[in-house]
Each structure stands twice: as C-alpha cells, then as structure tokens.
Amino acid sequence: SRRMSSSFQSGSSVIVVMKLAKRGGVPCLCLDTTSHDGNFDVHHAVPVRILRAEEWQHHLPPLVSTPDVQLEFQLDRPLRPVIERMKSISPCIYVEGSMQGQLVLRLDSDAVSIRTFYDKLIPR
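It should be emphasised that the depicted structure is a prediction, and the values quoted were computed from it without experimental measurement. (Residues numbered from 1 in each chain as written. Predicted model: local features only at pLDDT ≥ 70, side-chain atom pairs only at ≥ 80, totals over all residues. Heavy atoms only, no water.)

Caption draft 1: Up close: the overall build of the chain. The helix and strand inventory of the chain stands at one helix and nine strands. Scanning the chain from its N terminus toward the C terminus, one meets helices and strands in the order β-β-β-β-β-α-β-β-β-β. Split into buried and exposed, the 124 residues of the chain put 18% on the buried side. Sequence separation of 24 or more characterises 25% of the internal contacts of the chain that already satisfy a separation of 6 or more. Entry remark: accessible area of the chain is about 10000 Å², with carbon and sulfur atoms responsible for 55%. (Helix = DSSP H or I, 4+ residues; strand = E, 2+ residues; numbered from the N terminus. Buried < 20%, exposed > 50% of the residue type's maximum accessible area, 1.4 Å probe, protein only. Contact = heavy atoms within 4.5 Å. Areas by Shrake-Rupley, 256 points an atom, 1.4 Å probe, with all protein chains shown as cover.)

Caption draft 2: Structural view of the environment of Tyr118. Locating Tyr118 in the fold gives a position in strand β8 (residues 113-118). The spacing of Tyr118 and Gln102 is 16 residues in sequence and 5.7 Å in space, taken between C-alpha atoms. Ignoring sequence-local partners within four residues, the contact set of Tyr118 consists of Phe73, Arg77, Pro78, Leu79, Val82, Gly101, Gln102, Leu103 and Leu105.

Caption draft 3: Representation of the nonpolar core within the structure. One finds Met86, Leu103, Leu105, Leu107, Tyr118 and Leu121 forming the largest nonpolar core, which totals six residues. It is strand β7 (residues 102-108) that provides the largest number of residues to this core, a total of three residues. (Core = buried A, V, L, I, M, F, W, Y, C linked by side-chain atoms within 4.5 Å.)

Caption draft 4: Quick look at the pairing of strand β6 (residues 94-98). Where β6 and β7 come together, five bridges link them in antiparallel fashion. By the bridge assignment, Tyr94 is partnered in β7 with Arg106. The turn linking β6 back onto β7 is made up of three residues, and Gly101 within it adopts a positive phi angle of 85°. (Pairing = 2+ DSSP bridges.)

Caption draft 5: Just the sheet that holds β6, in detail. The strand order across the open sheet built from three strands is β6-β7-β8, with neighbouring strands paired in antiparallel fashion. In this open sheet, the two edge strands, each paired with only one partner strand, are β6 and β8. Averaged over all pairs of adjacent strands, the angle between their axes in this sheet comes to 15°, without regard to strand direction. In this fold helix α1 (residues 80-87) packs onto β7 and β8, with an angle of close to 15° to the strand it touches most, β7. (Axes fitted to C-alpha atoms, helices over the stretch in contact; angles between N-to-C directions.)

Caption draft 6: Spotlight on the pattern of salt bridges. For the structure on display, the rule yields eight salt bridges. Arg49 is the salt-bridge partner of Glu55, the closest N and O atoms lying 2.9 Å from each other. Owing to a relative accessible area of 60%, Arg49 belongs among the exposed residues under this scheme. In this structure, Lys87 and Glu84 form a salt bridge, with 3.7 Å as the shortest nitrogen-oxygen distance. With a gap of three residues between them, Lys87 and Glu84 both fall in helix α1, about one helical turn apart. Taking relative accessible area as the criterion, Glu84 reaches 37% and is therefore assigned partly exposed. Several salt bridges converge on common partners, so that one network encompasses Arg49, Arg52 and Glu55. (Salt bridge = Lys/Arg side-chain N within 4 Å of Asp/Glu carboxyl O.)

As far as function goes, none of this settles anything; it's purely spatial.
Next up, the structure:
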C-alpha cells in the first residue's frame, strides 16, 4: 500500500492509503482517507480490471506532440459548459486553434453539425 498526505486550507492534515485488494472476489483499488483530528473517514473500493503485462501495449497513452498553438482564456468566457452540451450531442469534439487568438469547437453528427467560435483569446 502507498501512503500520501495532503493539507487543506483549513490546516487539517489528511492521510490517504491506497491499496489493491479483493472485495467479494473482485479486485478493487481501495482508498481509505482519514483526517488527523478524526473528523472524517472516507472509504472507497473502486472495481478494477488487472491487465497482464502483454496487454499493456494496447492501453498506452497516445503519443501527442507539443502543441503549436497555446491559447489563454479570459475568466468571463467559460469553456466547460459549452463542451458539456456538445458532448451530449456527439462523443467526438474537434478543436481547432490559431495563434491569431481564435478557437473553434466543432462536432458533426447524423442530425446536426455545430461550430462554436471563440476569438480575441491570448496566444502564448
């Protein structure tokens, strides 16, 4: 098992213990969280599937090159609500950006094609 600790802004310290265990014959990642002052205990058992070493090659993260475009959003223009709505229409959302401060979110489905435009973003 592995121990991690963190501190919240309130100053109380928290201990997290992660371990792989079986619960009811099912492999689970168990997370046990306890505060030092005893105010709370949280226990989670998340079912997992254990992969054999020869299966790892099929589940590696994709190789992604360094982005050519980096854009900074202003706080008054949230992106998350737009993406959440678009995800409800299609599982694939295409992102296009330019160093001129423009961003386009696009989705195409059988019923509809939607594009959302953001401009005047800050290129980095």
